[in-house]
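The lines below spell out each chain.
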Amino acid sequence: MGELMYSINVTVDGCCDHRVGLISEELHRHHADNLARADGLIFGRTTYEMMEDAWRQPSGSVRQAESATPPEDLDPFVAAIDPARKYLVSSTRETAEWNTEIIRGDLAQTIRRLKDESETGLVVGGVTLPRRLAELGLIDVFEFVVHPMIAGHGPYVFAGLADVVDLVPDGRSELASGHAVLRFRPRR
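Residues numbered from 1 in each chain as written. Predicted model: local features only at pLDDT ≥ 70, side-chain atom pairs only at ≥ 80, totals over all residues. Heavy atoms only, no water.

1. Some points on unusual backbone geometry
Negative phi is the rule for most residues except glycine; trans is the rule for most peptide bonds.
Next, step 1: Cis geometry marks the peptide bond from Gly 154 to Pro 155; its omega dihedral reads 10°.
Next, step 2: Mapped onto the elements of the fold, Pro 155 is located in the loop between strand S6 (141-147) and strand S7 (167-174).
Next, step 3: Despite not being glycine, Phe 158 shows a phi value in the positive range, around 60°.
Next, step 4: Relative to the helices and strands, Phe 158 resides in the loop between S6 and S7. (Helix = DSSP H or I, 4+ residues; strand = E, 2+ residues; numbered from the N terminus.)

The following block contains the structure:
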């Protein structure tokens with residue numbers, strides 16, 4: 001059975017706005033390594049569409065043939081996310097490509113099934129869906145990549161969480177770029 005890891009970029013004051021942060025090759029490599037180890041990625045609709053728009057490689061077009069980049073020359077994050085298996089939790093999206101299966105119905109039951117079927121684990125990203133998964137007690141590892149800056153605004157991680165989730169430290173490291181990687185597990 002694989003674990004479900006939630007990984008998110010945040011500023012020191014907890015802002016998780018994707019437009020705020022210190023981007024570096026090392027940061028992309030860190031997240032790429034997380035994705036490469038996972039059996040699948042789980043996203044809500046908003047995060048999925050943002051990721052698809054930013055990171056999906058063109059396919060089946062003249063543009064692809066003209067710009068076909070060998071995987072070793074791609075940004076490491078692109079090389080990891082593009083071929084990864086993806087699960088999209090959405091009640092409104094009718095279709096999805098990009099190696100994606102749409103999840104509907106009982107969220108807790110479906111995520112438990114995916115974890116049971118997983119060998120190396122799953123990664124979830126975003127803001128709203130992870131809050132629901134935390135409330136259901138389905139996240140096994142929380143990883144916060146803290147950017148060395150203060151945003152002074154939101155959105156904030158887990159805003160509106162129904163109950164406190166008590167965490168215990170499970171590791172930390174620092175990237176040369178100044179990011180602090182903090183890992184926690186829920187106290188059970």
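2. Notes on the sheet that holds strand S4 (residues 100-103)
Next, step 1: Spatial strand order, S4-S3-S2-S5-S1-S6-S8-S7: eight strands in an open sheet with mixed pairing. A strand with exactly one partner marks an edge of an open sheet, and here the two such strands are S4 and S7. Geometrically, the sheet is characterised by an average inter-axis angle of 25° between neighbouring strands, direction not taken into account.
Next, step 2: Looking at chain direction, strand S3 (residues 86-89) and S4 are connected through four bridges and run parallel. Directly across from Leu 88, in S4, lies its bridge partner Ile 102.
Next, step 3: Packed onto the sheet, helix H1 (residues 25-37) meets strand S1 (4-11), strand S2 (40-44), strand S5 (122-124), S6 and strand S8 (180-186) and runs at close to 170° relative to S6.
Next, step 4: Where helix H2 (residues 45-55) meets the sheet, its contacts fall on S2, S3 and S4, and the angle it forms with S2 comes to roughly 115°. (Pairing = 2+ DSSP bridges. Axes fitted to C-alpha atoms, helices over the stretch in contact; angles between N-to-C directions. Contact = heavy atoms within 4.5 Å.)

3. Observations concerning the environment of Glu 117
Next, step 1: Tracing the backbone through its elements, the reader meets Glu 117 in helix H5 (residues 107-117).
Next, step 2: Since its relative accessible area comes to 53%, Glu 117 is described here as exposed.
Next, step 3: Along the sequence, Glu 117 and Asp 39 sit 78 residues apart, while their C-alpha atoms lie 9.2 Å from each other. (Buried < 20%, exposed > 50% of the residue type's maximum accessible area, 1.4 Å probe, protein only.)

4. Section: the packing of aromatic side chains
In this description, an aromatic ring pair is defined by two values, namely the gap between the centres and the angle between the planes.
Next, step 1: Overall, the coordinates contain four aromatic pairs when judged by the stated rule.
Next, step 2: Between Tyr 6 and Phe 158, the aromatic rings sit 5.4 Å apart at their centres with planes inclined by 70°, giving edge-to-face as the arrangement. In this pair, Tyr 6 is assigned in strand S1 and Phe 158 in the loop between S6 and S7, connecting sequence segments 152 residues apart.
Next, step 3: For Tyr 6, a relative accessible area of 1% corresponds to the buried category.
Next, step 4: Take Phe 158: its relative accessible area is 15%, and that puts it in the buried class.
Next, step 5: Every member of this aromatic cluster is reached through a ring pair, and the members are Tyr 6, Phe 142 and Phe 158.
Next, step 6: Of note, Arg 85 hangs over the ring of Tyr 87, and the distance from its end group to the ring centre comes to 5.3 Å.
Next, step 7: Stacked on the ring of Trp 98, the Lys or Arg Lys 86 has its end atom at 4.1 Å from the ring centre. (Phe/Tyr/Trp six-rings, centres within 6.5 Å; stacked < 30°, edge-to-face > 60°. Lys NZ or Arg CZ within 6 Å of the ring centre and 35° of its normal.)

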